[in-house]
Amino acid sequence: MNRRSILKQITALAAATAFWPVAAHAEMAASVDEPVTITFYNYNLAAANAGADATREMIAEFEAQNPNIKVEALPVVVSDIFTRIQADIVAGQQPDVAQLPFRDLIYLATDIGANALEDMVPEAELKAHLSSLIPQGLELGRYDGKTYGLAYTFSTPILYYNADLFRAAGLDPDKPPRTWDEVEAAGIAISQKTGKHGFFPGAYGPVDGTFVYQAIIMSNGGNVRDGNRVTFGEGEAAEAVVKLRQMVDNGAHARIDLGSHADTMASGNLGMFLYTSALMASLQKSAKDKFDLRVAAMPGFGDKPTKPTNSGSALFTFSKDPVKQRAAYELLKFLTSKYAYTVITSKIGYLPLRTDILDDPQYLGEWVKQNPMIQPNLEQLDRLTANVAFPGPDYRQVERIMMDGVREAIFGKDDPLEVLAIAQEQAQALMPQD
Amino acid sequence: MTTIAITGPGSAADGLPVAPRALAFTARAAVPWLYLAPVLLILAVWVYLPLIEAFQLSFYKWNMLPTAPKTFVGLENYQRLMTLPDMRRALWNTLFYILGLLPLSVVLPLAVAILTQDLAGPLRNVYRTLIFLPMIVAPVVAAILWRWLLNEDHGLVNHALSGLGFDKIGFLIDRDYALGTLVWITGWKLIGFSTLLFSAANAGINRSYVEAARMDGASAWQIIRDIRLPLLSPTILLITMMTILFGAQWSFVYINVLTNGGPLKSTTNVFFLLWEYGFETLAAGLSSAAGMIVFTGFALIAFICLKLMRRYSFHDN
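Source: prediction; values computed, not measured.

A. Up close: the pairing of strand 1 (residues 36-42) of chain A. Residue and element names in this part refer to chain A. The buried count for strand 1 comes to 5 of 7 residues, which makes it a mostly enclosed element. Handedness of the β-α-β unit built from strand 1, helix 2 (residues 50-65) and strand 2 (residues 69-75) comes out right-handed. Pairing analysis gives 2 bridges linking strand 1 to strand 3 (residues 97-101), with the strands arranged parallel. Paired with Tyr41 across the strands is Ala98, a residue of strand 3.

B. Representation of the sheet that holds strand 3 of chain A within the structure. Residues and elements named next belong to chain A. A sheet is described by the order of its strands in space; here 5 strands give the open sequence 2-1-3-13-6, paired in mixed fashion. The sheet terminates laterally at strand 2 and strand 6 (149-155), the two strands that pair on one side only. Mean inter-strand twist for the sheet, computed between neighbouring axes without regard to direction, equals 20°. Lying on the sheet, helix 2 is in contact with strand 1 and strand 2; it crosses strand 2 at an angle near 165°.

C. Region of the structure containing helix 19 (residues 416-428) of chain A. Residues and elements named next belong to chain A. End to end, helix 19 covers 18 Å across 13 residues, agreeing with the expected 18 Å (1.5 Å per residue, within 8%). Of the positions making up helix 19, those classed as buried are Pro416, Val419, Leu420, Ala423, Gln424, Gln426 and Ala427. Considered in projection along helix 19, the buried side chains sweep an arc of 165° and stay on one side of the axis. At its buried positions, helix 19 is contacted by strand 10 (229-230), helix 11 (235-249) and helix 18 (395-411).

D. Inspection of the confidence of the model for chain B at higher detail. Residues and elements named next belong to chain B. The share of residues in chain B with pLDDT of 70 or more is 91%, and the mean pLDDT across the chain is 86. Ignoring residues within four places in sequence, the model shows residues 1-15, a span with pLDDT below 50, making 22 contacts including any to other chains. Across the whole predicted complex the pTM is 0.79, and at the interface the ipTM reaches 0.74.

E. Examining the sheet that holds strand 12 (residues 293-296) of chain A more closely. Residues and elements named next belong to chain A. An order of 8-11-7-12 is seen for the 4 strands of this open sheet, with the pairing classed as mixed. Looking at strand neighbours, the two that pair on one side only are strand 8 (197-201) and strand 12, the edges of this open sheet. Averaged over all pairs of adjacent strands, the angle between strand axes in this sheet comes to 20°, irrespective of strand direction. Two elements, strand 7 (residues 157-162) and strand 11 (residues 270-276), share 5 bridges in a ladder whose sense is antiparallel. Of the residues in strand 11, the one forming a bridge with Leu159 is Leu274. Helix 10 (residues 211-219) rests against strand 7, strand 8 and strand 11 of the sheet, and its axis sits at about 100° to strand 7.

F. Region of interest: the domain arrangement of chain A. All names here are of chain A. Domain boundaries in chain A define domain 1 (9-153 + 311-382) and domain 2 (157-309 + 390-428). With 22 residues of domain 1 at the contact, the number on the domain 2 side is 19 residues. Contributing elements (two or more residues each) for the side of domain 1 that touches domain 2: helix 2, helix 4 (105-112), strand 13 (311-317), helix 15 (338-348) and helix 17 (375-380). In terms of residue count, the dominant contributor to the side of domain 1 that touches domain 2 is helix 17 (4 residues). Considered class by class, the residues forming the side of domain 1 that touches domain 2 number 10 nonpolar, 9 polar and 3 charged.

G. Region of interest: the interface of chain A and chain B. Chain A puts 24 residues into the contact, and the matching count from chain B is 20 residues. When contributions to the side of chain A that touches chain B are tallied by element, the ones reaching two or more residues are helix 1 (3-19), helix 3 (81-90) and helix 18 of chain A. The element contributing the most residues to the side of chain A that touches chain B is helix 18 of chain A, with 6 residues. Class assignment for the residues of the side of chain A that touches chain B results in 8 nonpolar, 8 polar and 8 charged.

H. Quick peek at helix 9 (residues 207-215) of chain B. In terms of residue burial, helix 9 of chain B counts as a barely covered element, since only 0 of its 9 residues are buried. Downstream of helix 9 of chain B by one or two residues, Gly217(B) has phi in the positive range, about 85°.

I. Fine view of the domain arrangement of chain B. We note that the domain assignment places domain 1 (2-57) and domain 2 (76-312) within chain B. Taking the mean C-alpha position of each, domain 1 of chain B and domain 2 of chain B sit 40 Å from one another.

J. Summary view of the packing of helix 8 (residues 178-203) of chain B against helix 11 (residues 252-259) of chain B. All names here are of chain B. The N-to-C vectors of helix 8 and helix 11 enclose an angle of 130°; their axes lie 10 Å apart at closest approach. Here helix 8 lies oblique to helix 11, going by the angle between them. The two elements helix 8 and helix 11 cross, and the hand of that crossing is right-handed. In this structure, helix 8 uses Ala178, Leu182, Ile185 and Thr186 to contact helix 11, whose residues at the interface are Tyr254, Ile255, Leu258 and Thr259. For the contact of helix 8 with helix 11, the residue count by class is 6 nonpolar, 2 polar and no charged.

K. Representation of the nonpolar core in the model. Grouped together as the largest cluster of nonpolar side chains are 164 residues, with contacts concentrated most on Tyr160(A), Leu331(A) and Ala290(B). Broken down by element, the residue count for this core peaks at 9 residues, all from helix 18 of chain A. Apart from the residues within four sequence positions on either side, Ala290(B) is in contact with Leu81(B), Met87(B), Val270(B), Leu273(B), Leu274(B) and Tyr277(B). Formed by 9 residues, the second largest nonpolar core is a distinct cluster that contains Val106(B), Ala201(B), Leu232(B) and Leu237(B).

L. Examining the confidence of the model for chain A more closely. Looking at chain A as a whole, its pLDDT mean stands at 88, while 94% of the residues score no less than 70. This stretch, residues 10-25 of chain A, has a pLDDT under 50; its non-local contacts, to residues over four places away or in other chains, come to 12 contacts.

Cut-offs and rules
- Residues numbered from 1 in each chain as written.
- Chains lettered and ligands numbered in written order.
- Predicted model: local features only at pLDDT ≥ 70, side-chain atom pairs only at ≥ 80, totals over all residues.
- Buried ≥ 20, exposed ≤ 12 C-beta atoms within 10 Å, placed from the backbone.
- Helix = DSSP H or I, 4+ residues; strand = E, 2+ residues; numbered from the N terminus.
- Right-handed = clockwise from strand over helix to strand, strands pointing away.
- Pairing = 2+ DSSP bridges.
- Axes fitted to C-alpha atoms, helices over the stretch in contact; angles between N-to-C directions.
- Contact = placed C-beta atoms within 7 Å.
- Expected span 1.5 Å × (residues − 1).
- Arc of directions from axis to C-beta.
- pLDDT = per-residue confidence, 0-100.
- Domains from an automatic or database assignment.
- Nonpolar A, V, L, I, M, F, W, Y, C, P; charged D, E, K, R; others polar.
- Parallel < 35°, antiparallel > 145°, perpendicular 65-115°, else oblique.
- Left-handed = near helix turned anticlockwise from the far one by under 90°.
- Core = buried A, V, L, I, M, F, W, Y, C linked by C-beta atoms within 7 Å.

See below:
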């Protein structure tokens, strides 16, 4: 072996250890005894709504309780947060904790080197904390039997509706639509009688991800993939899209700017809006004294039970240093504590991932009584279905081709089934081979 | 790069003894290279190395992660670009952007510059400031202002349209209008810049030509056609070339903020596509391949433009 190839191996080894978790069971420090600073990439902070204030409040409280730990919080827009972390890791700036959507879960675990909590935290300690959280929620951040993401803020799609527009269109606001056929009828009535927009889902815009779309097609019995085979262009999945297209054609489903649907709802120009409950606090603020905002569970296809998928995020840790790992874990524990979920649910609108605080007057008890609008979201929690992420190195391209196809099928002029079939074929070529 | 710069042409190799005269010659020849070295180095590091790397990457499949392997795929990236409808549509749209921008970046500013030349004192400055103002508005701010103005439900423009009895137009939502709207916003930002350049060139024209023509009884139009336009031709050709080469790039911010390439990709162009492939879907190979196609195309166009410029521009001595 000559000198050059040895050198090559050394650099390769160095590169490998720099990006992979050093050893599977390198446990974190028992406590933080000296001041330490950890970074926290957060997307709620980057949005101009109630989420940012609530997050700042929680971080301040955490720092007050843990004087040795300083949290350097970086606001990053949700659509950029993953590429930002990837770029920073490449640049040698190891993030410690990050709030990331579920779409990148597999990739974060296999390629980016997110820590599995089972490898980082002593078993008994981890069990003690996780046992108080909802198992369906925890499942969402698991890959290959290990918890890489600790489910943090999340929500299911709920139907916001403008009761004033319902009345103006001659509809009964106390009987919100429960099925897609009823949404269609109400949408047509609103657009014809009031001149405003009928229905719109937050499913196609740049920051919407895929969860509302997935919730709709899954409620019809479809799915975006089956193992390594993409299936969004066939069967019940395609049927659901055809229904949306039909609603666009008959005017029930609006054609508005995909990126500013929430503004349209907030300004009172949209009758029904299917979107994450995370917008609850912000929409309530906009609607106050202007129109009667109400919420209902997401609509279903006929009698089929709906399958609300989750939006939202998990907390991932990337620290390699044992002391920072401990600090990161303390932050994770704090942000999923009874106190934190009280803030998250009451001030932002996400679901509480622990049901033990719902009846507790010290935490959410009073608030739940005063805010019946959280009920549809709580009811949907039982049927929560995990958002499906795509596997393989090209997963983002697959997702893009799928959403391009869906938009084309719903808003375009061509036969929706044909459009979806072509998109499915293109996407399949980028999936891992079995 | 630096080694070439320092030794330069005419240096003695092979370790042969060098005559003092030859040495002096070498040193003198090296001086210009030394002056050029920083620029050449920057060019090499920031332009040519990335270019070579992009060329290499275009034959690989890689998602930009240091831990992920780069797989050699030969011409597959290029083949995929040819079969996917994305690239074709983006190229057509790019052409539309360029053609649509030309009137806004050349014809209109030229007319404004010539017509305001003879305006008196403060009026001219007020007028030119108004024209120039859009240029100094930050692009993202401009984009958001236009989004509000053009909003279908509560935008001022649609308010005015319905006040005049017209139907509302979804400027950014309707795919028949969105591309035209983005061309307008990009062009609107450019008018000021072009007007500035044309005004400067126009003011630089020797007044004695104009006076001589007037004495010979030339009409105002004849002066513009036979004196001003020929003398402005280097600037006209320069701005035309800049619009052709960079126009579609200038629209990137507005596409990114306002439409994300939609509705249904009607506003995407090759530069947005490159970014989307590379940084949204992390397909470095595909993005590089698209980049190489764009680079080759625009290099050819630039070459032709330069030739035409040399041939058709008229310089006053």
